[in-house]
Amino acid sequence: MISLSRILAQTLPPLPRWRAQVLLSTIRSLHQRANPVERNCNICGLNDLFRPIGWPLRPEAMCPQCGSLERHRLLKLWLDENRECIAGKRILHFAPEAAISKLVRPLAKEYVTADIARGRDLQLNIEKIDLPDESYDVILCSHILEHVDDRAALAEIHRVLVGGGVALLMIPVVEGWANTYENLAITEPNEREIHFGQEDHVRYFGSDFRDRIRRAGFDLEEFTAEGAIVVKHGLLRGEKLFIAARR
Ligand SMILES: [Zn+2]
């Protein structure tokens, strides 16, 4: 029988030792683990095997039809129970994800997309939003705050929301940490990947993320999914949606 390492050596360009070890361990694990099962995408309705994405690799994360990720399907679960939060509202969506846009746009009174790069309805810096006070009812902001000055961004989100308006916030959180990990000495992309999980992340939030939201002037609720529905829709265990209502 030909060994895995021999196959790899014949089919791949030479890999640094550590990467080769990761590859070998991954292939061995794939032989040992239970087979993947079909998941249900609650956004597009597809029942199929989900695709791997990310680093560390999340083997069943992405719907192959609509591209939804775990966090998008979690948000959809919340929206199913809280449609009135979106329906008929003026909505600003930062760094819009296509799967979420498709859900929200038809329900909104006004739906505007924004990004720091060009190509959306508005080109906006979330740390200094060039919009009048109290101009939107809902702001969607998923996986952005770990890239930017979150204090400035939360203050700006607060300013642009109407009183009682809602920010739907998602971030990667290390729930076991009391304190967010920031380190101004870490500036190089390689170092950031090691310290913060991605080359353009500037921190790992701990559970004190909640304090940061409240200090910015919001009341906070949280939503997560538990049990079999996590398996059904291929969700991340314990992932949270933060629902921040402007005081
Ligand atoms: Zn889908």
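Here the structure is a predicted model, which is why all the values come from computation and not from measurement.

Analysis parameters
- Residues numbered from 1 in each chain as written.
- Predicted model: local features only at pLDDT ≥ 70, side-chain atom pairs only at ≥ 80, totals over all residues.
- Heavy atoms only, no water.
- Helix = DSSP H or I, 4+ residues; strand = E, 2+ residues; numbered from the N terminus.
- Buried < 20%, exposed > 50% of the residue type's maximum accessible area, 1.4 Å probe, protein only.
- Contact = heavy atoms within 4.5 Å.
- Areas by Shrake-Rupley, 256 points an atom, 1.4 Å probe, with all protein chains shown as cover.
- Lys, Arg positive; Asp, Glu negative; His and termini not counted.
- Charge placed at Lys NZ, Arg CZ, Asp CG, Glu CD.
- Phe/Tyr/Trp six-rings, centres within 6.5 Å; stacked < 30°, edge-to-face > 60°.
- Donors = N, O, S within 2.8 Å, 3.2 Å for Na, K, Ca; no water.
- Tetrahedral: all angles 85-135°; square planar, octahedral: opposite > 155°, others 65-115°.
- Pairing = 2+ DSSP bridges.
- Polar contact = N/O pair within 3.5 Å; in protein donor to acceptor, adjacent residues only side chain to side chain.
- Domains from an automatic or database assignment.
- Nonpolar A, V, L, I, M, F, W, Y, C, P; charged D, E, K, R; others polar.
- Axes fitted to C-alpha atoms, helices over the stretch in contact; angles between N-to-C directions.
- Salt bridge = Lys/Arg side-chain N within 4 Å of Asp/Glu carboxyl O.

## Describing the overall build of the chain
Counting secondary structure elements, the chain contains 8 helices and 11 strands. Dimensions of the chain along its principal axes, counting C-alpha atoms only, are 70 × 45 × 35 Å. Of all 247 residues assigned to the chain, the portion counted as buried reaches 42%. Within the chain, counting contacts between residues at least 6 apart in sequence, those at least 24 apart form 59% of the total. Here the chain has roughly 14000 Å² of accessible surface; of this, 52% comes from carbon and sulfur atoms. Side chains of the chain carry 33 positive and 34 negative charges; the gap between the two charge centres is 5 Å.

## Details of the packing of aromatic side chains
Applying the stated rule across the entire model yields 6 aromatic pairs. For the pair Trp-18 and Trp-55, a centre-to-centre distance of 6.3 Å together with 80° between the ring planes defines the contact as edge-to-face. Here the residue Trp-18 occupies a position in helix H2 (residues 17-32), and Trp-55 occupies one in the loop between strand S3 (51-53) and strand S4 (58-62), the gap between them amounting to 37 residues. On the basis of relative accessibility, which here comes to 52%, the residue Trp-55 falls in the exposed class.

## What about the coordination of the zinc ion?
Tetrahedral coordination by four donors sets the ideal angle at the metal to 109.5 degrees; octahedral coordination by six donors sets it to 90 or 180 degrees. Listed as protein donors to the zinc ion are Cys-41 (SG), Cys-44 (SG), Cys-63 (SG) and Cys-66 (SG); their distances from the metal cover 2.3 Å. Around the zinc ion, the 4 donor atoms sit at angles spanning 103 to 116°, and that spread fits a shape best called tetrahedral. In terms of primary sequence, the donors binding the zinc ion are separated according to C-x2-C-x18-C-x2-C. On the basis of relative accessible area, Cys-63 is assigned to the buried category, the value being 1%.

## Focus on the pairing of strand S6 (residues 110-115)
Counting buried positions along S6 yields 5 of 6 residues, so the element is predominantly enclosed. In this structure, strand S5 (residues 90-94) lies alongside S6, joined through 5 bridges in parallel fashion. Bridge pairing in S6 links Ile-91 to Tyr-111. In the sheet, S6 pairs with strand S7 (residues 122-123) via 2 bridges, with the strands oriented parallel. Directly across from Ala-114, in S7, lies its bridge partner Leu-122.

## Details of the side chain of Thr-180
One can find Thr-180 in the loop between strand S9 (161-170) and helix H6 (189-196). At 3.1 Å, the side chain of Thr-180 forms a polar contact with the backbone nitrogen of Gly-206. Of note is the side chain of Thr-180, whose polar atom sits 2.7 Å from the side chain of Asp-208. Contact partners of Thr-180, with chain neighbours within four places excluded, come to Arg-203, Tyr-204, Phe-205, Gly-206, Asp-208 and Arg-212.

## As for the domain arrangement of the chain
Domains assigned within the chain are domain 1 (4-62) and domain 2 (70-246). Each of domain 1 and domain 2 was reduced to a C-alpha centroid, and the two centroids are 28 Å apart. Each side of the interface is counted separately: domain 1 has 11 residues, and domain 2 has 15 residues. Here domain 1 is connected to domain 2 by 7 residue pairs in polar contact (both at pLDDT 80 or more). For the side of domain 1 that touches domain 2, the secondary structure elements donating two or more residues are strand S1 (39-40) and S4. In terms of residue count, the dominant contributor to the side of domain 1 that touches domain 2 is S4 (4 residues). Of the residues contributing to the side of domain 1 that touches domain 2, the split by class is 6 nonpolar, 2 polar and 3 charged.

## A short note on the sheet that holds S5
Taken in spatial order, the 7 strands line up as S7-S6-S5-S8-S9-S11-S10 in an open sheet, and their pairing is mixed. Because the sheet does not close on itself, it has two edges, and the strands there are S7 and strand S10 (218-223). By the bridge criterion, 4 bridges tie S5 to strand S8 (residues 136-142) in an arrangement that is parallel. Across the sheet, residue Ile-91 finds its bridge partner in S8, namely Val-138. Against the sheet, helix H5 (residues 150-160) engages S8, S9, S10 and strand S11 (241-246), with an angle of about 140° to S9.

## Things to note about the pattern of salt bridges
This structure, assessed with the given rule, holds 16 salt bridges. Between Arg-203 and Glu-182 there is a salt bridge whose closest N-O contact spans 2.6 Å. Of this pair, Arg-203 sits in the loop between H6 and helix H7 (209-215) while Glu-182 is found in the loop between S9 and H6, placing the two residues 21 residues apart along the sequence. When its relative accessible area of 33% is taken as the criterion, Glu-182 is described as partly exposed. Here Arg-212 makes a salt bridge to Glu-182, at a shortest N to O gap of 3.0 Å. You can see Arg-212 sitting in helix H7 and its partner Glu-182 sitting in the loop between S9 and H6, a full 30 residues away along the chain. Note on Arg-212: relative accessible area 7%, which makes it buried. Because the salt bridges share partners, they merge into one network encompassing Asp-150, Glu-182, Arg-203 and Arg-212.

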